[in-house]
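Residue strings, one per chain:
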Amino acid sequence: MVNVRPLLFLAATMAVLSSLAVSKTIHVPADSATIQTGIDGAVNGDTVLVAPGTYSENIVFTGFAIKVLSSGGTSATFLQPAASAVSIVRYNSGESVQCVLAGFTLQHSGPSPAVEINGSSPTVRNNVFYYNNKETGWMGPSVVEIASDAAPDVHHNLFYDNNGFASVAIDGAARVFNNTIVKAFRFGFDVTSSSAIVVNNIFVACGQSGITAGSSTALMDYNNYWDMDLIYYPGTTPGPHDMSIDPLFVDPSGKDFSLLYRSPCINAGHPDLQYAESDGTQSDLGALPWFFDPPAPVDMAADSGTLIPTFTWSYVDTAATTQQGCEIEVGTDRSWDVAEMWASGQILSNDIFAAYSGLSLTDRGLYYYRIRLYNGSHWGSWVEGRFAVQIGQFQVIHVPGDVPTIQAGIDAALTGDTVRVADGTYTGAGNHDLDFWGKNIVLESENGPQTTIIDCQASSSDQHRGFYVHYGEDSTCVIKGFTVTGAYDAPDPYYDKAAILCRSSTPTIQNCIITDNACCGVFSTMYPNGTGRVRIIDCTISFNTGFAGVYVDWGPAYLTGSEISLNDGYGAFIYSVYNLPTEVSRSLFQGNEGYAGLLITQSMAWSNIRVSNCTFVGNTTGFVADWDWAKGYGALSGSVRQASSSVNNNISSFNTERGMVLNAPFDYDVICNNSVGNPSGNWIGRDFGPGDTFGNLSLEPLFCDTATDDFHIYDNSPCAPTNNSCHTLIGLLDVGCRCCAARGNVDGLIGPSGPIDVADLTYLVAHLFSGGPYPPCPEQANVDGVSGPAGPIDVADLTFLVAYQFQGGTPPPACP
């Protein structure tokens, strides 16, 4: 008989030893080459700590209560699928809430969810989900999918610019709280479980609505829904404490979705203590905290019109204390190892102002300052600002005459000054990644873009752009007369990268050549509440390899007198959502390889859009107006339609696929356009209202010479003002062809009998009566030199030519 007592004792001892085992940390890639092998080697209580980098893997958790954390955070640690058809992360082995995934940016998932949770209850927190399911559209999978047998905690995650049906699909007893969802393609959440908890989330600019829930009775409350056509999908019951108000993010165009101190989302969450903040106050909404450690100074200012400035601020503390002290430092740079000009020391005072008391400042000097505050128990974080003393008159600063680099010229300038750059090719530090620091100055070349070149000399391992304009500069901030080339700024799919990148700023870009950049030419965004519009005037934007030559995201634009050509993506993509005028006029869009030469999307019902006197030639599609959400959903959202927009006097011809694609019922004018010679259709999707059909044509525009890109028109073109019912110029360029050498030389050839022979008569007969080609030089085919009721070339010319050749008639008149 076997004595089982030793075996039982051994088993008990092993269990005790197992419980006393020290949890280990597995470092990736130092200890384990991949995250998956790190997970495979982990057991309950272990941590897999991942170093910064981009990891292409399809991760499967193995049922243990482990933590997979990044050491560098979401800004430095990226997960993307090795196999695009498989989810980046899968839970299907009964994981508990002690199984944690935190600190990663999950990106570029394909036709599968980024995270898939089945039969498990893990914790997914403090991650960023960015640019997932982009190729799947709105019918693709959701970014995070929670099955009916799953009950995870999904919280404090940022979902930004993802496609798919929803950011999170909730079919189980999940707790989904304190997430921020921005620009979901269709829905923020799809809630089909009645046992889910959905609280403290912020939804902004979702394509259709924040939540669709059908008949679900889940707890959905204390959420904020802002800036979308539908707050709740029909049939969804809002919670009594839900809001629809601007959350006031710090810098949404720069993807900083933390909350400003005056945000209505602070202390607005569910009162249950399980959601409370670390300082014991009621929970905020969203994934990201208030942007400074309180107490903190806000609305800081320094008087720049004096050599003894006064600093002012407002005091904010989420714990509702009062200011008990302050400390101020002033220096000449952003390094605070030493405050070169002034260090006030700790001042015990409740004053929210202080006069400068340091070394003497100089006129036109640029200085940095920082302030921190005391609430009686602890000091808050330092908050930094900058100011420039400006007492004298405006100046002109010459580069390289006065300062050696373009950035040095900008740094030396103050608002209202001009920085003038001499001829030359400018490279290296100080001549790329140029930053205006909020100054509305004119930066101009002496002699134009052909002789003044900013060459970024960038590569995938050494990335640079030409300009970064991001401190609220307006149209009086001018970039004029430069060639900007050689930028490399992480091209598509990171389409908010460009040779000239503008965020929350609307500079004027004039007479510039922006070419041969491995990114967009110009990117501008005014998200979420734009004022002003970027202005692009008389520029050439060509041979760029990003998402578009010009990309305007969440804001109006003014684009005129420009050539947008031969870019790998769209010519220009304008996502205009505010009721401010977007105007595209007198511009050429040629040979762009993306979906369209010009696409204006989700715009016509919201904004005053005018597209006029443009020529679209050789693009995939010429012009596209698309996704008119406010009309499609106006009855549900209460959106107001506007009929103040127009698409007039444009030519779209000889594109490789389509001419004009107008994908919505139009309440605006579409008149006096000419769309012809596009093999997949000249007019697609148009549903004109009364008065919208006037003057639209599908006739050969008669360009002078497309082989040499001369898009002037012949005098007998239907696009010339005298030859169409609108009596206006259609397209970019007016009559400008002069090719006449000998009237009567209809075919343009010189034969054995001279320039005028029987072949010319045959050519003219075929053109007039048999659908033959148009004469290569219409002025020569206008044999009698007279324009009749049928136009410059008519039967009278044939009669004149016959009489001259066979009846001894009068020779054709001389060319003009």
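Residues numbered from 1 in each chain as written. Predicted model: local features only at pLDDT ≥ 70, side-chain atom pairs only at ≥ 80, totals over all residues. Heavy atoms only, no water.

### Concerning the nonpolar core
Next up, step 1: By size, the foremost hydrophobic cluster in this structure holds 57 residues, and its most contacted members are Phe 467, Leu 598 and Phe 623.
Next up, step 2: A per-element tally of this core places strand β44 (residues 498–503) first, with three residues.
Next up, step 3: Tyr 55, Phe 61, Val 89 and Tyr 225 belong to the second-largest nonpolar core, a separate cluster that totals 49 residues. (Core = buried A, V, L, I, M, F, W, Y, C linked by side-chain atoms within 4.5 Å. Buried < 20%, exposed > 50% of the residue type's maximum accessible area, 1.4 Å probe, protein only. Helix = DSSP H or I, 4+ residues; strand = E, 2+ residues; numbered from the N terminus.)

### Let's talk about the pairing of strand β33 (residues 366–374)
Next up, step 1: The buried count for β33 comes to eight of nine residues, which makes it a mostly enclosed element.
Next up, step 2: Pairing of strand β30 (residues 325–331) with β33 involves seven bridges; the strand directions are antiparallel. Looking at β33, one finds that Cys 326 is bridged to Leu 373.
Next up, step 3: Pairing of β33 with strand β34 (residues 383–388), which is carried by six bridges, proceeds in the antiparallel orientation. (Pairing = 2+ DSSP bridges.)

### Comments concerning the state of the cysteines
Next up, step 1: In total, this model carries two disulfides according to the counting rule given.
Next up, step 2: Linked covalently through their sulfurs, Cys 672 and Cys 726 form a disulfide whose S-S length is 1.8 Å. Judged by the sign of its S-S torsion, about -95 degrees, the cystine formed by Cys 672 and Cys 726 is left-handed. Within this pair, whereas Cys 672 is found in the loop between β63 (669–671) and β64 (674–676), its partner Cys 726 is found in the loop between β67 (710–713) and α6 (758–769), the two being separated by 54 residues in sequence.
Next up, step 3: Among the residues examined, Cys 726 registers a relative accessible area of 16% and is labelled buried.
Next up, step 4: Residue pairing for Cys 740: its cysteine sulfur links by disulfide to Cys 815, the two sulfurs lying 1.9 Å apart. (Disulfide = S-S within 2.5 Å.)

### Some thoughts on unusual backbone geometry
Next up, step 1: Between Val 28 and Pro 29 the backbone carries a cis peptide bond, its omega angle lying at 10 degrees.
Next up, step 2: Within the fold, Pro 29 resides in the loop between β1 (25–28) and α2 (35–40).
Next up, step 3: Here the bond from Val 399 into Pro 400 is cis, since omega is 5 degrees, no more than 30 degrees from zero.
Next up, step 4: You can see Pro 400 is positioned in the loop between β35 (396–399) and α3 (406–412).
Next up, step 5: Even without being a glycine, Asp 161 presents a positive backbone phi close to 55 degrees.
Next up, step 6: One non-glycine residue, Ser 504, lies in the positive phi region at around 55 degrees.

### Regarding the sheet that holds strand β62 (residues 658–662)
Next up, step 1: With respect to topology, ten strands assemble into an open sheet ordered β38-β41-β44-β47-β50-β53-β56-β59-β62-β65, the strand pairing being parallel. Here the strands that pair on one side only, and so sit at the sheet edges, are β38 (434–435) and β65 (683–684).
Next up, step 2: With five bridges connecting them, strand β50 (residues 548–553) and strand β53 (residues 570–575) associate as parallel partners. Bridging across to β53, Ala 548 finds its partner in Tyr 570.

### Focus: helix α8 (residues 795–806)
Next up, step 1: Over its twelve residues, α8 runs 16 Å from end to end, which matches the ideal 16 Å to within 8%, given 1.5 Å per residue.
Next up, step 2: Taken as a whole, α8 has its buried residues at Asp 797, Leu 798 and Leu 801. End-on, the buried residues of α8 take up no more than an arc of 100 degrees, which puts them together on one face.
Next up, step 3: Where α8 is buried, its residues touch α6 and α7 (778–781).
Next up, step 4: Taken from the residues just after α8, Gly 808 is the one with a positive phi, measuring 70 degrees. (Expected span 1.5 Å × (residues − 1). Arc of directions from axis to C-beta. Contact = heavy atoms within 4.5 Å.)

### Side note on the environment of Ile 479
Next up, step 1: Relative to the helices and strands, Ile 479 is located in strand β42 (residues 478–480).
Next up, step 2: Sequence-wise, Ile 479 and Cys 512 are 33 residues apart; in three dimensions their C-alpha atoms are separated by 7.9 Å.
Next up, step 3: Contact partners of Ile 479, with chain neighbours within four places excluded, come to Phe 436, Leu 443, Phe 467, Val 469, Ile 500, Thr 508, Ile 509, Gln 510 and Cys 512.

### Focus: the sheet that holds strand β21 (residues 202–204)
Next up, step 1: Taken in spatial order, the eight strands line up as β3-β6-β9-β12-β15-β18-β21-β24 in an open sheet, and their pairing is parallel. Strand pairing shows two members of the sheet lacking a second neighbour, β3 (53–56) and β24 (224–226), which therefore form its edges. Adjacent strand axes in the sheet meet at a mean angle of 15 degrees, parallel and antiparallel pairs treated alike.
Next up, step 2: By the bridge criterion, three bridges tie strand β12 (residues 128–130) to strand β15 (residues 158–160) in an arrangement that is parallel. Across the sheet, residue Val 128 finds its bridge partner in β15, namely Leu 158. (Axes fitted to C-alpha atoms, helices over the stretch in contact; angles between N-to-C directions.)

### Quick look at the environment of Val 647
Next up, step 1: Within the secondary structure, Val 647 sits in strand β60 (residues 646–648).
Next up, step 2: Of the residues examined, Val 647 reaches a relative accessible area of 0% and is grouped as buried.
Next up, step 3: Sequence separation of Val 647 and Ala 625 is 22 residues, and the distance between their C-alpha atoms is 9.5 Å.

### Details of the packing of aromatic side chains
Next up, step 1: Scanning all chains against the criterion turns up 29 aromatic pairs.
Next up, step 2: Aromatic pair Phe 61 and Tyr 91: ring centres 4.5 Å apart, planes at 15 degrees, arrangement stacked. Of this pair, Phe 61 sits in the loop between β4 (59–60) and β5 (67–70) while Tyr 91 sits in strand β7 (residues 89–91), and the two are 30 residues apart along the sequence. Accessibility classification places Phe 61 together with Tyr 91 in one group, the buried group.
Next up, step 3: Taking the centre distance of 5.4 Å and the plane angle of 65 degrees together, the rings of Phe 547 and Phe 573 count as edge-to-face. Of this pair, Phe 547 sits in the loop between β49 (540–542) and β50 while Phe 573 sits in strand β53, and the two are 26 residues apart along the sequence.
Next up, step 4: Overall, Phe 547 belongs to the buried group, its relative accessible area being 18%.
Next up, step 5: Each residue in the set Phe 311, Trp 342, Tyr 356, Tyr 367, Tyr 369 and Phe 387 is aromatic and connected to the rest through ring pairs, giving one cluster.
Next up, step 6: We note Arg 370 situated over the ring of Trp 382; from NZ or CZ to the ring centre the distance is 4.0 Å.
Next up, step 7: Residue placement shows Arg 372 over the ring face of Trp 379; its charged tip is 4.8 Å from the ring centre. (Phe/Tyr/Trp six-rings, centres within 6.5 Å; stacked < 30°, edge-to-face > 60°. Lys NZ or Arg CZ within 6 Å of the ring centre and 35° of its normal.)

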